[in-house]
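Per-entry structural report
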Amino acid sequence: MTIVNSRTEARRRLLPGRPGALRRIGEHRADYAYVLPAIVVMMIVIAYPIYYTIELSFFNTPPGLQLRDKIFVGFDNYTAILTSEVFWKVTWNTLVWTVASTFISFVLGFGAALALHRDFIGRGVLRAILIIPWVISAVAASYIWKWIYHSDFGIIGAILVRLGWADRPPNFIDSVSTVLPSLIVVNIWREFPFAMIMMMAGLQTVPDQLLRAAKVDGANAWQRFWHVTFPHLRNVSTVTILLLAVANFNSFIIPWIMTGGGPSNASHIWITHIYELAFGRQRWGVASAYSVLLFLILMTLGYFYVRALSGNERKDRGA
């Protein structure tokens, strides 16, 4: 027993101990000095605004009251938000906006990518045309679609009346029942080219020899897609859907420019409602509480996005 203990003690003396975090920092202090300016900038432009927003969410800032005179109210802002009918209406609008925009944009983009993956005359021209909605300015697109939807001189209403399909131009963005679907159409029109580009890039990674082998074995087009193409696109599909979901959750320009959240909060989503509370009503505390909740949701989506990327890297290394 004494001999075993002595051998263990000798082994401990020969093997170096695992350095702690402070020791590693000290050994690589020169490396950290190079990234110190970037860390300082990130602390100023990212960390401090997050901290101040969280702090401000526990205070009441009525209109006309300066921020230095804010009143501490604890969790009252969060309680007021969660018990407000407007909050649940805006949350429902945000869910419908995010899910519908993400799902339909992905499906349309995927379908366009599959169609453009084949060789045909004019494929390059069609690709360029389909990318236009994505590269055009969101502000310009919002004003163009606002004019297209206009109830008095909009082109869609004029066509419907001319064809006899409507007695008068519809109120696309002036009606509570149609405003949100109308905005979702605009958002899908602008976002599906991104999904198309991502899926076209993913289709380039599908091995042609596997598709040819499946065809030789008698697999039809659907079987080749489901058993060969789709498994190779699963990772890029996950990343694309998560990126679209985060972008839609943060989407501001289209709903704000086209409707400003109206009519009767029918097109308000979280980000536009936060903006109106903060800069329209000067309710900085409530807006900050909304922002904290939104931050937590986006952090959750970001976590799944990082996990998807990490899973892809592990699979690539394993391959």
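No experiment lies behind these values; they were computed from the predicted model shown. (Residues numbered from 1 in each chain as written. Predicted model: local features only at pLDDT ≥ 70, side-chain atom pairs only at ≥ 80, totals over all residues. Heavy atoms only, no water.)

The next point concerns the overall build of the protein chain. A count of helices and strands for the protein chain gives 14 helices and two strands. Here the analysis covers contacts within the protein chain between residues at least 6 apart in sequence; of these, 66% occur between residues at least 24 apart. (Helix = DSSP H or I, 4+ residues; strand = E, 2+ residues; numbered from the N terminus. Contact = heavy atoms within 4.5 Å.)

The next thing to look at is the nonpolar core. The tendency in soluble globular proteins is for nonpolar side chains to be buried as a group. Judged by nonpolar contacts, the single largest core of 34 residues is most densely connected at Trp97, Tyr149, Ile173, Met258, Tyr290 and Leu294. Secondary-structure elements contributing two or more residues to this core are α4 (76-82), α5 (85-116), α7 (138-148), α9 (179-203), α12 (253-258), α13 (270-280) and α14 (284-318). By residue number, the principal contributor to this core is α14, which donates eight residues. Excluding its chain neighbours within four sequence positions, the residues that come into contact with Tyr149 are Ile156, Pro170, Phe172, Ile173, Ser182, Val185, Val186 and Met258. Core analysis: the second largest hydrophobic core is formed by 19 residues, Leu116, Met199, Ala214 and Leu233 among them. (Core = buried A, V, L, I, M, F, W, Y, C linked by side-chain atoms within 4.5 Å. Buried < 20%, exposed > 50% of the residue type's maximum accessible area, 1.4 Å probe, protein only.)

Time to look at α7. Of all the positions in α7, only Ala138, Ala141, Ser142, Trp145 and Ile148 are classed as buried. Along the axis of α7, the buried residues cluster in a sector spanning 125°; they form a single face. For α7, the secondary structure elements touched by its buried residues are α8 (155-162), α9 and α12. Two to three positions downstream of the cap, the backbone nitrogen of Val139 sits 3.3 Å from a side-chain oxygen, assigning the N-cap of α7 to Ser137. (Arc of directions from axis to C-beta. Polar contact = N/O pair within 3.5 Å; in protein donor to acceptor, adjacent residues only side chain to side chain.)

Turning our attention to the packing of aromatic side chains. Under the defined criterion, the tally for this structure stands at 26 aromatic pairs. A centroid spacing of 6.1 Å and a plane angle of 25° characterise the contact between Tyr48 and Tyr52, whose relative ring orientation is stacked. One end of the pair is Tyr48 and the other is Tyr52, both in helix α3 (residues 29-56) and four residues apart, which spans about a single turn. Ring geometry for Trp222 against Trp226: centres 5.8 Å apart, planes inclined by 15°, an arrangement best described as stacked. (Phe/Tyr/Trp six-rings, centres within 6.5 Å; stacked < 30°, edge-to-face > 60°.)

In short, the description is geometric, and any link to function would need to be established separately.
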